[in-house]
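Reading the structure
Each chain, letter by letter, is given below.
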There are 2 protein chains.
Amino acid sequence: MSIQNSNKELIIGLFGFGVVGGSLYKVLKDTPGLNARIKKVCIRNADKERDAPAALFTTDAAAILDDESINVIVELTSDADAAYHIIATALSRGKAVVTAGKSTVAAHLPEFIALQRQYGAPLLYEAACCASIPVIRNLEEYYDNDLLRCVRGIVNGSTNYVLTRMSRDGASFSDALQEAQQAGFAEADPALDITGADAANKLAILLTHAYGSTVQPGQVLYTGITNLHTADVAYGRQKGYDVKLVAHAGKLDDGRIAAFVLPTFVPQDSRLYGVANEYNGVEIESSLADRQFFYGKGAGGFPTASAVLSDLSALRYDYRYEYRKLQPEGAVHVSADYYIRVCISCNGLLQVRHSEFARIDEWVSNKQRCYISGIIQISRLAESDWWRQEGISLIAYLECIEQYGPEAVKAESDWIHEEVYAD
Amino acid sequence: MSIQNSNKELIIGLFGFGVVGGSLYKVLKDTPGLNARIKKVCIRNADKERDAPAALFTTDAAAILDDESINVIVELTSDADAAYHIIATALSRGKAVVTAGKSTVAAHLPEFIALQRQYGAPLLYEAACCASIPVIRNLEEYYDNDLLRCVRGIVNGSTNYVLTRMSRDGASFSDALQEAQQAGFAEADPALDITGADAANKLAILLTHAYGSTVQPGQVLYTGITNLHTADVAYGRQKGYDVKLVAHAGKLDDGRIAAFVLPTFVPQDSRLYGVANEYNGVEIESSLADRQFFYGKGAGGFPTASAVLSDLSALRYDYRYEYRKLQPEGAVHVSADYYIRVCISCNGLLQVRHSEFARIDEWVSNKQRCYISGIIQISRLAESDWWRQEGISLIAYLECIEQYGPEAVKAESDWIHEEVYAD
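Please read these numbers as outputs of a predicted model, since none were measured by experiment. (Residues numbered from 1 in each chain as written. Chains lettered and ligands numbered in written order. Predicted model: local features only at pLDDT ≥ 70, side-chain atom pairs only at ≥ 80, totals over all residues. Heavy atoms only, no water.)

Before going further, it helps to examine empty space enclosed by the protein. By the definition in use, this model includes eight cavities of 30 Å³ or more. Volume-wise, the largest cavity comes out at about 110 Å³. Forming the walls of the largest cavity are 14 residues, and the residues nearest its centre are Arg137, Asn138 and Glu141 of chain A together with Arg137 and Asn138 of chain B. Contributions of two or more residues to the lining of the largest cavity are made by helix 5 (135–142) of chain A together with helix 5 (135–142) of chain B. Across the lining of the largest cavity, the residue classes break down as eight nonpolar, two polar and four charged. (1 Å grid on protein atoms, 1.4 Å probe; cavity = no way out; pocket = protein on both sides within 12 Å on 5 of 7 lines; lining within 4 Å. Points joined across faces, edges and corners; volume = space filled by probe spheres on them. Helix = DSSP H or I, 4+ residues; strand = E, 2+ residues; numbered from the N terminus. Nonpolar A, V, L, I, M, F, W, Y, C, P; charged D, E, K, R; others polar.)

Next comes the structure, spelled out in structure tokens:
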């Protein structure tokens with residue numbers, strides 16, 4: 001039974017009853033206006049005590065997926081493989097799906113788009129990017145590809161919490177991470193967050209709705225915050241910057257797309273500067289609306305449930321992503337052929353071959369670290385991993401991507417050598 | 001011919017070809033993906049030269065409203081009465097309508113809602129509130145009435161520009177206003193803006209989508225910025241506040257709604273603090289998503305055209321406001337029975353009867369002005385106009401509305417008398 005034939009009553013089969021699933025259950029009970037009810041919840045461990053009637057639960061996925069009266073699947077498991085099978089099966093049976101599974105969506109989006117088109121059932125995943133912030137919906141609806149200059153966002157709450165602690169309180173990376181875990185902002189296994197992989201997943205999803213690219217997250221240049229030193233953060237603060245893990249997407253002059261996730265020096269006049277702790281923020285620049293900024297909690301049970309609720313609400317009026325910006329397969333779309341300005345922080349200058357830079361603008365050394373700022377080609381970074389080695393960190397400057405063309409690179413390097421022996 | 005029957009090609013009849021209309025025309029030409037074209041434009045003055053083919057224009061409204069092939073009316077006139085007739089007629093003929101006319105929508109919303117229901121045609125007006133910021137859509141979709149604690153926003157770009165100049169550069173109100181007019185951020189007749197009437201219109205619209213209230217803008221307590229002194233702004237800055245004209249809506253403990261537009265002392269830790277010049281910002285607080293913040297340009301041709309474009313895009317998938325929070329007519333909904341903390345600025349203490357306050361917390365006088373801060377009941381403000389007299393300004397503190405119950409008022413007043421003779 002499709003949603004359209006059921007007078008839009010949403011009869012939900014829920015997978016997963018963790019923090020988000022539990023929050024959603026509570027909220028749906030309290031908001032009868034939505035005309036939605038959870039018929040069955042599939043969980044892995046039947047013995048765990050839960051704050052809901054036992055009859056609601058099953059460990060048999062088929063009991064939900066085969067139930068024709070269930071017209072909406074809400075997928076909130078923590079298992080990416082299971083999530084893939086649930087989503088693919090549900091779509092191919094014509095059921096609408098709402099998911100918060102960012103890694104699953106990022107990895108399988110082209111297939112999920114094809115399934116939606118083949119079977120006519122919608123897949124919504126606002127919760128997969130920045131939780132409560134309606135960024136996917138707004139990119140999909142508000143910003144035409146041609147008009148969208150760039151999207152830059154702090155999209156991972158755990159790393160932002162860690163960086164805020166490092167920056168404001170001078171905490172070390174490992175102390176800050178431990179604290180984030182204690183505060184519940186980072187997973188027990190924080191690898192996905194701190195390596196930047198989670199942010200790359202979100203960027204891949206955003207790229208689809210911003211520019212119609214369906215790239216695998218692995219095709220996007222990304223790194224996380226594991227190599228950052230407290231000294232790097234302090235160095236940035238001296239210069240008026242805060243270090244944030246920023247996902248960048250922007251349109252290049254040749255029509256191709258620049259996309260990367262890197263620790264970034266954010267200046268005070270940027271809206272992203274004030275995004276602290278577990279919050280997320282996304283700045284969208286378009287030639288019509290100019291700069292817009294969306295800010296809110298990027299993680300947590302209720303903020304994520306809020307996005308799921310909104311997707312459920314949207315199903316009632318048959319909302320679906322139209323993917324109308326989608327580029328034909330094989331179109332060269334994401335480019336590595338552009339330059340960005342970065343700061344390389346290292347223990348000694350010998351660690352870095354200067355020829356990696358197209359231009360070096362500044363070289364600072366103090367007792368703790370050496371800092372080399374200059375222009376570097378993204379393709380050179382993508383092809384090498386010297387800058388990922390222990391002891392080296394790379395921090396981009398938050399600047400317009402398009403400003404370093406070949407001319408800038410050809411210009412004579414303006415070397416500044418400051419030796420600062422601060423204590 | 002309805003949109004649904006036409007394979008969603010939008011055939012547009014446009015009323016008005018000013019800054020916004022002209023921008024929209026340009027943008028639609030450049031974005032064929034939208035599958036929308038302007039068939040006819042109704043203008044008042046046929047002789048004015050315009051950057052579009054002459055055959056596109058007519059001065060005969062009926063030529064558009066009677067044309068059955070036109071399925072969407074875009075209303076961008078500057079005449080509120082004309083706008084009302086265009087919108088009402090178009091809806092009653094089953095045509096979808098997109099408008100930026102905030103005063104028209106605010107004044108006639110109940111009737112427009114009834115017409116939408118009777119004839120099945122949608123009316124969208126995202127451009128009527130905060131131009132490019134998708135606040136109506138997000139309130140409508142994202143935040144259930146029960147979960148929405150409050151909405152607070154800087155919704156008028158002209159007054160915000162004036163206040164920014166007064167605050168940052170110490171400009172007088174009249175100088176700042178003149179400058180805003182020269183910069184194109186304020187109308188030649190800025191009365192609607194500076195009296196707060198425009199912000200009240202927007203608040204009335206927001207109240208419908210946030211809480212389901214259909215109040216007339218005149219029923220909402222509002223005032224503008226005409227009485228503000230440069231000294232008031234400076235006094236705020238000394239205390240760490242910036243003065244902004246803020247539209248407030250919040251849910252009270254008894255389920256009723258608090259709503260007012262007042263100049264407001266905004267503290268530095270508020271997201272609204274950084275909203276400067278012609279920008280708008282809206283903070284939405286809900287029990288699920290916590291605090292969210294939307295920021296962008298609140299005025300101007302392209303930002304407004306951007307919102308219109310988004311509404312057009314939404315028509316393609318039959319989007320409409322559902323108004324599902326709407327309260328039954330006659331329901332007591334907006335309350336005046338609550339207290340807020342304000343600062344009264346005046347030339348001499350004799351101007352203000354202390355009995356107007358439920359409690360006075362602080363009294364400061366300096367060479368320029370006297371400042372009395374305390375708790376005051378909204379109903380007392382609504383029933384009197386002493387605080388609107390020349391020489392007196394009232395500035396609210398940006399605080400949680402619910403914190404001043406009867407207990408707070410009964411508490412013994414804690415008088416602080418500071419006489420400050422600064423020069």
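Let us keep going from here.
With that settled, the discussion passes to the sheet that holds strand 6 (residues 123–124) of chain A. Residue and element names in this part refer to chain A. Ordered in space as 3-2-1-4-5-6, the six strands form an open sheet in which the pairing is parallel. The sheet is open, and its two edges are formed by strand 3 (57–58) and strand 6, each paired on a single side. Note: strand 1 (residues 10–15) against strand 2 (residues 36–42), six bridges, orientation parallel. Within strand 2, the position partnered with Leu10 by the bridge is Ala36. Each of strand 1, strand 4 (72–75), strand 5 (96–99) and strand 6 is contacted by helix 3 (residues 80–92), which is oriented at about 170° to strand 4, the strand it contacts most. (Pairing = 2+ DSSP bridges. Contact = heavy atoms within 4.5 Å. Axes fitted to C-alpha atoms, helices over the stretch in contact; angles between N-to-C directions.)

Within this structure, the stated rule accounts for 49 salt bridges over all chains. With a closest N to O distance of 2.6 Å, Glu356 of chain A and Arg353 of chain A form a salt bridge. Between Glu356 of chain B and Arg380 of chain B there is a salt bridge, with the nearest N and O atoms lying 3.6 Å from each other. Taken together, the positions of Glu356 of chain B in the loop between strand 13 (339–346) and strand 14 (359–365) and Arg380 of chain B in helix 12 (residues 378–383) put the pair 24 residues apart, joining distant regions of the chain. Take Arg380 of chain B: its relative accessible area is 37%, and that puts it in the partly exposed class. (Salt bridge = Lys/Arg side-chain N within 4 Å of Asp/Glu carboxyl O. Buried < 20%, exposed > 50% of the residue type's maximum accessible area, 1.4 Å probe, protein only.)

Another aspect to go through is the pairing of strand 10 (residues 257–267) of chain A. Residues and elements named next belong to chain A. Across the eleven residues that make up strand 10, a large majority, ten, are buried. Relative to strand 10, strand 8 (residues 221–222) runs parallel, the two being bridged by two bridges. Within the sheet, the bridge partner assigned to Tyr222 lies in strand 10 and is Val261. Summarising the sheet, strand 9 (residues 241–251) and strand 10 pair through eleven bridges and their orientation is antiparallel. Bridge pairing in strand 10 places Lys244 opposite Thr264.

Here we come to the packing of aromatic side chains. Inspection of every chain in the model, using the stated rule, returns 30 aromatic pairs over all chains. For the ring pair Tyr241 of chain B and Tyr397 of chain B, a centre distance of 5.6 Å and an interplane angle of 75° mean the geometry is edge-to-face. With Tyr241 of chain B in strand 9 (residues 241–251) and Tyr397 of chain B in strand 16 (residues 393–397), this residue pair connects regions lying 156 residues apart in the sequence. For Tyr241 of chain B, a relative accessible area of 18% puts it in the buried group. Given the relative accessible area of 7%, Tyr397 of chain B is considered buried. Each residue in the set Tyr279, Phe293 and Tyr295 of chain A together with Tyr279, Phe293 and Tyr295 of chain B is aromatic and connected to the rest through ring pairs, giving one cluster. Here Arg341 of chain A stacks its cationic end above the ring of Tyr397 of chain A, 4.0 Å away from the centre of that ring. (Phe/Tyr/Trp six-rings, centres within 6.5 Å; stacked < 30°, edge-to-face > 60°. Lys NZ or Arg CZ within 6 Å of the ring centre and 35° of its normal.)

Residue and element names in this part refer to chain A. The domain architecture assigned to chain A consists of domain 1 (4–124), domain 2 (135–296) and domain 3 (339–419). Listed by partner, the interface residues are 28 residues for domain 2 and 27 residues for domain 3. Our count for the domain 2 to domain 3 interface comes out at two salt bridges. Here Arg369 makes a salt bridge to Asp232, at a shortest N to O gap of 3.4 Å. In this structure, the connection of domain 2 to domain 3 is made through 15 residue pairs in polar contact (both at pLDDT 80 or more). Secondary structure elements with two or more residues in the side of domain 2 that touches domain 3: strand 8, helix 10 (230–238), strand 9 and strand 10. Here the residues of the side of domain 2 that touches domain 3 sort into 16 nonpolar, seven polar and five charged. (Domains from an automatic or database assignment. Polar contact = N/O pair within 3.5 Å; in protein donor to acceptor, adjacent residues only side chain to side chain.)

What follows covers the interface of chain B and chain A. Each side of the interface is counted separately: chain B has 41 residues, and chain A has 42 residues. Interface area for chain B against chain A, summed over the two sides, is near 3700 Å², with a carbon-plus-sulfur share of 51%. Contact with chain A buries surface across chain B, with Tyr142, Leu288 and Tyr317 of chain B losing the most and accounting together for 21% of the total. For the pair chain B and chain A, the interface holds eleven residue pairs in polar contact (both at pLDDT 80 or more). Class assignment for the residues of the side of chain B that touches chain A results in 19 nonpolar, nine polar and 13 charged. Where strand 12 (residues 290–297) of chain A meets strand 12 (residues 290–297) of chain B, three bridges bridge the pair, whose relative direction is antiparallel. Looking at the pairing, Tyr295 of chain A lines up with Phe293 of chain B of strand 12 of chain B. (Buried area = accessible area lost by both parts, 1.4 Å probe.)

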